[in-house]
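Structure at a glance
What follows is the residue order along each chain.
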Amino acid sequence: PNASESSTIDGVLGLPTVAQGGVHVAAKEYLAGCLSCRAEQAIDGNPATAWVTPFVGVRRQWADYQVPSPITFDHMDLQVVADQVHSRPTLLELSVDGKVQYVPVPALPVSAQRDAVDKVTLHFPPMTGKHIEVTIASIAPTYTDNSYSTTHVLSPVGIAELGIPGLS
């Protein structure tokens, strides 16, 4: 699934456009076949849902958000799926109106409970803008069995909430 498919889905679901006061959301990709794994889930206020990357190309996945009016924020109340079947981000690239900051994510404990979510607040110098892009720059990898062979594959990252104030 790609950004244009996501926009089509948004239209079918009747989600408001930026011109209507909504948030335009796009992502490089999300877990194939999982409509509830789209980047919208990372800003929906529900930690039980998550933007989940595909298995292939976990690193360098991005989610892009455009809002009608600029927002200013200096932290993220990040919530990450941190269980035995998801990789976890260790570095985020945050781009706001083209200005980039790299935000380290501390090591998160791995829970034995499936879909467990860990919370961490990330602080950085204030950023202001209408175009916010979050890229998974580095991860703590988790591997899972490949059902088609005897090899292991990299598990996806799940971001339950980006926790950017003013972005929902």
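For the structure itself, look to the data block above.
Notes on the structure follow.

Analysis parameters
- Residues numbered from 1 in each chain as written.
- Predicted model: local features only at pLDDT ≥ 70, side-chain atom pairs only at ≥ 80, totals over all residues.
- Heavy atoms only, no water.
- Helix = DSSP H or I, 4+ residues; strand = E, 2+ residues; numbered from the N terminus.
- Buried < 20%, exposed > 50% of the residue type's maximum accessible area, 1.4 Å probe, protein only.
- Contact = heavy atoms within 4.5 Å.
- Salt bridge = Lys/Arg side-chain N within 4 Å of Asp/Glu carboxyl O.
- Disulfide = S-S within 2.5 Å.
- Phe/Tyr/Trp six-rings, centres within 6.5 Å; stacked < 30°, edge-to-face > 60°.
- Pairing = 2+ DSSP bridges.

1. Details of the side chain of Q79
Its place among the elements puts Q79 in strand 3 (residues 62-81). On the accessibility criterion, Q79 (14% relative accessible area) is buried. Beyond its immediate stretch of four places on either side in the chain, Q79 contacts P47, V117, D118, K119, I159, A160 and E161.

2. Regarding the pattern of salt bridges
Scanning all chains against the criterion turns up three salt bridges. A salt bridge links R38 to E40; the nearest nitrogen and oxygen atoms lie 3.6 Å apart. Of the residues examined, R38 reaches a relative accessible area of 3% and is grouped as buried. R114 is the salt-bridge partner of D115, the closest N and O atoms lying 4.0 Å from each other. When its relative accessible area of 58% is taken as the criterion, R114 is described as exposed.

3. A few points about the state of the cysteines
By definition, a disulfide links two cysteine residues through a covalent bond between their sulfur atoms. The final tally for this structure, using the stated rule, is one disulfide. Note that C34 is cross-linked by a disulfide to C37, the S-S spacing being 2.1 Å. Here the disulfide of C34 and C37 is right-handed, its torsion about the S-S bond being about 60 degrees. The residues C34 and C37 share a single accessibility class, namely buried.

4. A closer look at unusual backbone geometry
Residue R60 is not a glycine yet carries a positive backbone phi of 75 degrees. You can see R60 is positioned in the loop between strand 2 (51-52) and strand 3. A relative accessible area of 39% places R60 in the partly exposed class. A positive phi angle, near 50 degrees, is found at D97, a position not held by glycine. If you trace the backbone, D97 turns up in the loop between strand 4 (88-96) and strand 5 (99-104).

5. Observations concerning the packing of aromatic side chains
Two descriptors summarise a pair of aromatic rings, namely the distance from one centre to the other and the angle between the planes of the rings. This structure, assessed with the given rule, holds one aromatic pair. Consider the rings of F73 and F124, whose centres lie 5.9 Å apart with planes at 90 degrees: the pair is edge-to-face. Residue F73 is located in strand 3, and its partner F124 is located in strand 6 (residues 117-140); the two are separated by 51 residues in the primary sequence. Neither residue differs from the other here; F73 and F124 are each classed as buried.

6. Quick notes on the pairing of strand 4
The buried fraction of strand 4 amounts to seven of the nine residues, a majority that puts the element mostly inside the structure. Across eight bridges, strand 4 lies against strand 6 in antiparallel orientation. Paired with L92 across the bridge in strand 6 is I136. One ladder, built from six bridges, connects strand 4 with strand 5; its direction is antiparallel. Each bridged residue has a counterpart across the sheet, and for L91 the counterpart in strand 5 is P104.

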